[in-house]
Amino acid sequence: MPDLKLLEDLIALARTGSFVRAAELRHVTHPAFGRRIRTLEAWAGVPLVRRGQQPATLTPEGEALLKTAIQVVEQMSVARHGMRGFSGNGDAVLRIATGRSLARTLVADWVARLRHRAPKVLTGRTQVEISTGRMQDVVVRLEQNKVDMLCCYEHPAMSASLSPQRYRYITLATDKLVPVTQVDTRGQPRYALREGGRPTPLIAYAGGLAMARILGDRLDTTPYALTPFMRSDSLDATHGAVANGLGVAWLPWSMVIADCRRGTLAALGGRSDEVAFEIRLYRPRARMTELAEAAWAATARRIS
């Protein structure tokens, strides 16, 4: 039987359709990843990948091996996950993957509820591990059973694309991106959304940030005169730039609602300028650790 990491390589390649992207996910160089796929093909005795086309696809033999690879990796991961469900001192551990902004906001609030509100799922004999990263990376962590659950944004422009046969989710919250600006000393918005005239400075998101993908289509079709002034890969940095009067940005309403009510920021535009999205919590359909099952059940009861 081939090394387990080679089966994980095949799964990554099938998921991404790209040797380059799969190599990034597997944290190896592109040439090294190619050699590992060739090693797997040498073991199988047949070509597993159709090369020379984009996206890269598997041969019929590759597809057959992929099904087995998924089963083997999942079974091994479940076994490993069960053994790692406890820390070195015997405490149960809840492992969550998410994005940086969600880790600071919604996930932190969710963990606090599990810790402080009845029924208290997180006790003195439990621990929480939160790992953050880009959407593609945290999805892979869930697929490889390296975490119990995944908390992420959901929007038509950006989806976790997890198989409903293997995973299910609950919607933790709904939110929306709203264009906002600083309020000046006269109590008026410092900038406005205009369809002509002098462009308004835009605080935009860097391409790797989830919000950049969620907002992308709206900015591409906006009728307003906007000129990029700053680009950031942090919601906090974007919020700070707006609060300091540097321009207009689309920020989550949950982040700026208090500022707007205090009168330090002002929401611009109308409903058509808002971009709605969900925040979902994903889990495997397979049985998880007792702590993870308890956390899921408590969360589902609160939402229902």
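Rules used throughout
- What you see as residue numbers is a count from 1 along each chain, following the sequence as written.
- It should be noted that, the model being predicted, local features are given only for residues of pLDDT at least 70 and side-chain atom pairs only at 80 or more, the latter also being counted only at that level, while totals for whole chains, interfaces and linings use all residues.
- Water and hydrogen atoms play no part in the side-chain values, which are based on all heavy atoms of the structure.
- As a rule, the C-alpha atoms of each element are fitted with a line to give its axis, helices using only the stretch in contact, and angles between N-to-C directions run from 0 to 180 degrees.
- Numbering goes from the N terminus for both helices and strands, where a helix is a DSSP run of H or I of at least four residues and a strand is a run of E of at least two.
- Note on terminology: angles under 35 degrees are roughly parallel, angles over 145 are roughly antiparallel, angles of 65 to 115 are roughly perpendicular, and the others are oblique.
- In this scheme, a crossing is called left-handed if the near helix is turned counterclockwise away from the far one by less than a right angle; it is called right-handed if the turn is clockwise.
- In this description, contact between two residues means that some pair of their heavy atoms is separated by no more than 4.5 Å.
- Polarity classes work like this: nonpolar for Ala, Val, Leu, Ile, Met, Phe, Trp, Tyr, Cys and Pro, charged for Asp, Glu, Lys and Arg, and polar for all others, with Gly in that last group.
- Here, nonpolar core refers to any group of buried Ala, Val, Leu, Ile, Met, Phe, Trp, Tyr and Cys residues whose side-chain atoms link them within 4.5 Å.
- Residue burial is assigned from relative accessible area. The probe radius is 1.4 Å, only protein chains are included, and a residue is buried under 20% of its type maximum, exposed over 50%, and partly exposed in between.
- For this analysis, a ring pair means two rings from Phe, Tyr or Trp (six-membered ring only for Trp) whose centres lie within 6.5 Å, classed as stacked if their planes differ by under 30 degrees, edge-to-face if by over 60, and tilted for the remaining angles.
- UniProt positions are given in the numbering used here, feature names are shortened, and annotations may be inferred rather than shown by experiment.
- What makes a salt bridge here is a side-chain nitrogen of Lys or Arg within 4 Å of a carboxyl oxygen of Asp or Glu, nothing more.

As for the packing of helix H9 (residues 235-243) against helix H10 (residues 253-262)
With their axes 12 Å apart at the nearest point, H9 and H10 run at an angle of 25° to one another. Looking at the two axes, H9 sits roughly parallel to H10. The handedness of the crossing between H9 and H10 is right-handed. Touching Leu235, Asp236 and His239 of H9 are Met255, Val256 and Asp259, all from H10. Residue classes in the contact of H9 with H10 are distributed as three nonpolar, one polar and two charged.

With respect to the packing of helix H1 (residues 4-16) against helix H3 (residues 30-44)
One can describe the packing of H1 onto H3 by two numbers: an axis separation of 10 Å at closest approach and a directional angle of 110°. Classified by the angle their axes make, H1 and H3 are roughly perpendicular. Between H1 and H3 lies a crossing of left-handed hand. Every residue of H3 that contacts H1 at Lys5, Leu6, Leu7, Asp9, Leu10 and Leu13 is listed here: Phe33, Arg36, Ile37, Thr39 and Leu40. Considered class by class, the residues forming the contact of H1 with H3 number seven nonpolar, one polar and three charged.

Brief notes about the nonpolar core
Within soluble globular proteins, side chains that are nonpolar tend to cluster in buried spots. Formed by 66 residues in total, the largest nonpolar core has its most connected members in Leu94, Met149, Leu150, Tyr153, Met211 and Leu251. Among the elements that take part in this core, strand S6 (residues 167-182) stands out by supplying six residues, more than any other. Contacts of Met211, omitting those with residues within four sequence positions, involve Tyr153, Leu177, Tyr205, Leu235, Pro252 and Phe277. With 20 residues, the next largest nonpolar core counts Ala22, Ile37, Val49 and Val72 among its residues.

A word on the packing of aromatic side chains
Applying the stated criterion across every chain yields a total of three aromatic pairs. With 5.9 Å between their ring centres and 80° between their planes, Phe19 and Phe33 make a pair best called edge-to-face. Of the two residues, Phe19 sits in helix H2 (residues 19-25) while Phe33 sits in helix H3, which places them 14 residues apart along the sequence. On the accessibility criterion, Phe19 (16% relative accessible area) is buried. Judged by relative accessible area, which is 0%, Phe33 ranks as buried. Between Tyr169 and Tyr282 the ring centres are 5.3 Å apart and the planes differ by 45°, which places this aromatic pair in the tilted class. With a gap of 113 residues between them, Tyr169 in strand S6 and Tyr282 in strand S11 (residues 275-284) connect regions that are remote in the sequence.

Considering the UniProt feature "domain: HTH lysR-type" (unreviewed entry) in the protein chain
According to UniProt, the positions carrying the feature "domain: HTH lysR-type" (unreviewed entry) are residues 2-59. Helix and strand shares over residues 2-59 are 60% and 7% respectively, and the end C-alpha atoms of the span are 18 Å apart.

Topic: the pattern of salt bridges
Taken as a whole and assessed by the stated rule, the structure comprises 18 salt bridges. The partner of Arg26 in a salt bridge is Glu8, and the shortest N-O contact between them spans 3.0 Å. Note that Arg26 is positioned in the loop between H2 and H3 and Glu8 in helix H1, a separation of 18 residues in sequence. Residue Glu293 is joined to Arg287 by a salt bridge in which the shortest nitrogen-to-oxygen separation is 4.0 Å. Using a relative accessible area of 13% as the deciding quantity, one classes Glu293 as buried. The class for Arg287 is exposed, based on a relative accessible area of 64%. Put simply, Glu8, Asp9, Arg26 and Arg36 are held in one network by salt bridges that share partners.

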